Amino acid sequence: MSKTRVYQLAKELDISSKELISKLEEYDVEVTNHMSTLEDDIIEIIKELYKSGEGNMNSADDENAIGLPESISVKDFCDKIGKSVTEVMTKLVSMGVFATINQEIDFETAETLALEFDVAVKLEGAEEEEAEYGIEDFEDDPKDLKDRPPVITVMGHVDHGKTSLLDAIRETNVTAKEAGGITQHIGASEVYVDGKKIVFLDTPGHEAFTSMRARGASITDIAILVVAADDGVMPQTKEAINHAKAAGVPIIVAINKMDKPGSNPDRVKQELSEHGILVEDWGGDTISVPVSALKGEGIDNLLEMIVLAAEMQELKANPNRLGTGVVIEAKLDKSRGPVATVLVQKGNLKVGDPIVAGASFGRVRAMINDKGKNIKKANPSTAVEILGLSDVPNAGDTFNAVKSDKLARQIGEKRKAKFREANLNATTKVSLEDLFMHIQEGEVKELNIIVKADVQGSVEAVKQSLAKLSNNEVKINVIHGGVGTVTESDILLATASNAIIIGFNVRPSSAVSNMAERENVDVRIYRVIYEAIEDVQKAMKGMLDPEFREAVIGKAEVRATFKVPNIGTIAGAYVKEGKMARNAKMRLVRDGIVIFEGDVSSLKRFKDDAKEVQTGYECGIGIANYNDLREGDIIEAYIIEEIKRD
């Protein structure tokens, strides 16, 4: 068999070329420089042997293999394998590769070339580099694993009682310390049930949950979905369900406010079933517990169910290794410097340990637990605040304790360089324009879509219409649908799930639009449902025609309204962004919903007509054929641009 085919087959079987050659020798198959007519038959026999397990192949690279980067100069390659330049150049020419001594060859060419000299090589990976630097990254031996407490996140609609439930669980009153009923900082609480510890993460909502998932962090074992018995499933409840499902986290439903006169748990269960959550007493597998956070009723039962669900998951970790886990939250404290709240997932973290978190590094100077006490050591499933890092890490970054300060600094600086490089080559998100190209290249098997509209009927209509567009090559998957404007939470979910956002009669705020641009999320706003369906359909066929694009040139807020005889209502407006132009089209937005679209009939500065009015100035705006203007409305001016196609 030829050496080239040996290399190709080794790659296909995920083994080292050297190991395959030794196996071929066992079967008296000679490895030569020339192709043979018997090669295809031999390859099929070898494949069958390994499928049946007779090959007994070990996919790990030879321990003595020489590490090579993804590309290497011919001279460096000669130095690595200890061969003369003349020998290597001769072999390259015989392979049909004409390269100079300083030219780079890729790893595949280098591996085939090394095979000519009977030298085993392997690709140097980032993991190997970090392992050399001292990060412990290995699979734990099952006998070293010990039971660990479950980590719980509480999610649900605003005002359905998330904080009150945590309050009741902790039996302490934190609500009074919070501004506007919103949890102010991410921390954690430890609760004991029959001597078993449960860790609750206090999150300010789904944003933290999603941003961590967007960074690839898996922190939660169980999600508690809080639904008010008198209110039922609300928009944020649906969001919570979609976030938990997307993260693959089991859900326990806590039906709260059972003490209220209008409570109806059956209605809640019915509404949950419509969103894919079927509770146990309705024949499903989701645990539901009726509770009253206010009166403290049902809390013990909820905790018992959490313990039961955790036992079924058999959560284990090795406590006797260097600590590793996830950064839950981080901030810069004026007096204490960078402070990070971390969740230890494996091993133990001790005061004095050198540590690297994302691109930050340092030594753990102090650790504070959920009770505010200084502790010396944190085991798996323990959340602690740590001091001593060089910078503020990002929520969702992994942290690792390492063996020395020097190692921590080396890894931190190496990661910083990688992050800079990664930001320059940021991953492109799927957009409708490039959807067909991704489908053709086999990169997209599922197109995730988030639908936002002004009314629920539109959401359902779009979801049903889009579902029908799925074909053999790509499945259309509506991962979230809701009423109201596009929010930052939607952008986060789109980032985490590589989704496209489609909106109807809604307008995102400038902050949300800027965030979408920053995160490369494709947000499409439509007035007519069939246009959206057509666009997705065309995109799937590679026929989308992006020749015209709407460009928002300015936004003004209505501060007062004036009725002018024979003309109608004029808006006294303040230009907040961009400019208002006399020849622009406009739309009137009220609470994120588009009320009217039309043309500017008049634009004045005091009593004079104006062609345009810039940011920071007041003006009078008249809208053609529309008079229902109110204070607080946003007037958005836009133009239609023609895009030159490549």
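These notes cover the structure that comes with them. What you see is a predicted model; the values in this text were computed from it and never measured. (Residues numbered from 1 in each chain as written. Predicted model: local features only at pLDDT ≥ 70, side-chain atom pairs only at ≥ 80, totals over all residues. Heavy atoms only, no water.)

Here helix H16 (residues 488–497) crosses helix H17 (residues 510–518) at 10 degrees, and the two axes come no closer than 9 Å. In terms of orientation, H16 lies roughly parallel with respect to H17. Along its contact with H16, which presents Glu-488, Ile-491 and Leu-492, the element H17 presents Ala-511, Val-512, Met-515 and Ala-516. Within the contact of H16 with H17, the residues separate by chemical class into 6 nonpolar, no polar and 1 charged. (Axes fitted to C-alpha atoms, helices over the stretch in contact; angles between N-to-C directions. Helix = DSSP H or I, 4+ residues; strand = E, 2+ residues; numbered from the N terminus. Parallel < 35°, antiparallel > 145°, perpendicular 65-115°, else oblique. Contact = heavy atoms within 4.5 Å. Nonpolar A, V, L, I, M, F, W, Y, C, P; charged D, E, K, R; others polar.)

This part is about the environment of Lys-445. As for its placement among the helices and strands, Lys-445 is situated in the loop between helix H14 (435–440) and strand S22 (446–453). For the pair Lys-445 and Asn-471, spaced 26 residues apart in sequence, the C-alpha to C-alpha distance is 9.9 Å.

Our next topic: the nonpolar core. In this structure, Leu-165, Phe-200, Ile-224, Leu-302, Leu-303 and Ile-306 are the most contacted members of the largest nonpolar core, which totals 27 residues. For this core, the secondary-structure elements that each account for two or more residues are strand S6 (151–156), helix H8 (162–170), strand S7 (187–193), strand S8 (196–202), strand S9 (222–228), strand S10 (251–256), strand S11 (287–290) and helix H12 (299–313). Setting aside anything within four residues of it in sequence, one finds Ile-306 in contact with Pro-150, Ile-152, Ile-198, Phe-200, Ile-222, Ile-224 and Ile-252. In this structure, Val-575, Ala-584, Leu-588 and Tyr-626 belong to the second largest nonpolar core, which totals 23 residues. (Core = buried A, V, L, I, M, F, W, Y, C linked by side-chain atoms within 4.5 Å. Buried < 20%, exposed > 50% of the residue type's maximum accessible area, 1.4 Å probe, protein only.)

Our focus in this paragraph is empty space enclosed by the protein. Taken as a whole, this structure holds 1 cavity of 30 Å³ or more when the rule is applied. Estimated volume of the largest cavity: approximately 30 Å³. Looking at the largest cavity, the residues that line it are Met-155, Ala-223, Ile-224, Leu-225, Ala-240, Ile-241, Ala-244 and Ile-251. Elements supplying a minimum of two residues to the lining of the largest cavity: S9 and helix H10 (235–247). (1 Å grid on protein atoms, 1.4 Å probe; cavity = no way out; pocket = protein on both sides within 12 Å on 5 of 7 lines; lining within 4 Å. Points joined across faces, edges and corners; volume = space filled by probe spheres on them.)

Inspection of the secondary structure puts Ser-292 in the loop between S11 and H12. A polar contact of 2.8 Å, which involves the side chain of Ser-292, links it to the side chain of Asp-259. With residues up to four places along the chain from it excluded, the contact list for Ser-292 reads Asn-256, Lys-257, Met-258, Asp-259 and Glu-297. (Polar contact = N/O pair within 3.5 Å; in protein donor to acceptor, adjacent residues only side chain to side chain.)

The quantities given are spatial measurements derived from coordinates; they are silent on function.
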